[in-house]
Amino acid sequence: MAYEQKTKEHDGSVVEFIEAVESPKKREDAYRLLEIFEETSGYEAKMWGPSIIGFGSYHYKYPTGHEGDAPLVGFSPRKAKISLYFATGDTEREALLKDFGKHTSGKACVYINKLDDVHTDVLKDLIRQSIEFLQKAYPAEGANEQ
């Protein structure tokens, strides 16, 4: 049986999703992040799965044969923290995160409590660098063009 990708791009409304965020502060941060990500990435925001706002996309294929599509960068205003999604496997990310501000990070995610805890100029660098890294790592015929 083929693996069914759970997180897919769909036509759900990004604004409706943000409006449904309970915390007014998180909602405000989500709108600020939306602006920063769109402006910096040059891509329009799209919903991915039930809770990720993604920008751009790329097609990946692992040596195992598993393949799929994912946003180049994205974020999700979750209840506990805001998740920021960047490229996995990018070794240069750690260097940028040193100057990012208050955060924790996992394999693909960087978690922040609120946007005021971090430097937006570093966030923009993280967005740009992640997109650049993924477009080099997964060069697709025309798939990364806007």
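Just so you know, these numbers come straight off a predicted model, no measurement behind them.

K.L.:
What's the story with the nonpolar core in this structure? I'm lost.
P.N.:
General note: in soluble globular proteins, nonpolar side chains tend to be found buried as a group. Membership of the largest hydrophobic core comes to 35 residues, with the highest contact counts inside it found for Phe-37, Ile-53, Leu-84, Phe-100 and Leu-123. Per element, the largest residue contribution to this core is six residues, and it comes from helix H4 (residues 120-137). Once residues within four sequence positions are removed from consideration, Ile-53 is found in contact with Val-14, Phe-17, Ile-18, Leu-34, Ala-45, Lys-46, Met-47, Val-73, Gly-74 and Phe-75.

K.L.:
I'm lost on the confidence of the model for the chain in this one. Help?
P.N.:
Scored by pLDDT, the chain has a mean of 90; 92% of the residues are at 70 or more. Low pLDDT, under 50, characterises residues 142-146; the predicted model gives this stretch ten contacts beyond four residues in sequence or across chains.

K.L.:
Explanation requested: the pairing of strand E2 (residues 45-48) in the structure shown.
P.N.:
The side chains of a regular strand alternate between the sheet's two faces. In terms of strand pairing, strand E1 (residues 9-10) meets E2 through two bridges, oriented antiparallel. The partner of Glu-9 across the bridge, within E2, is Trp-48. Taken together, the four bridges between E2 and strand E3 (residues 52-55) define a ladder with antiparallel strand orientation. Bridged to Trp-48 within E3 is Ile-52. Connecting E2 to the antiparallel partner E3 that follows it, the hairpin turn spans three residues, and Gly-49 within it adopts a positive phi of roughly 65°.

K.L.:
Please clarify how helix H2 (residues 24-41) should be interpreted in this entry.
P.N.:
Side chains of residues three or four places apart in an α-helix project in the same direction, reflecting 3.6 residues per turn. Its 18 residues give H2 an end-to-end C-alpha distance of 25 Å, which sits within 8% of 26 Å, the value for a rise of 1.5 Å per residue. Remark: Gly-42 follows H2 within two positions and exhibits a positive phi of approximately 80°.

What counts and how
- Residues numbered from 1 in each chain as written.
- Predicted model: local features only at pLDDT ≥ 70, side-chain atom pairs only at ≥ 80, totals over all residues.
- Heavy atoms only, no water.
- Core = buried A, V, L, I, M, F, W, Y, C linked by side-chain atoms within 4.5 Å.
- Buried < 20%, exposed > 50% of the residue type's maximum accessible area, 1.4 Å probe, protein only.
- Helix = DSSP H or I, 4+ residues; strand = E, 2+ residues; numbered from the N terminus.
- Contact = heavy atoms within 4.5 Å.
- pLDDT = per-residue confidence, 0-100.
- Pairing = 2+ DSSP bridges.
- Expected span 1.5 Å × (residues − 1).

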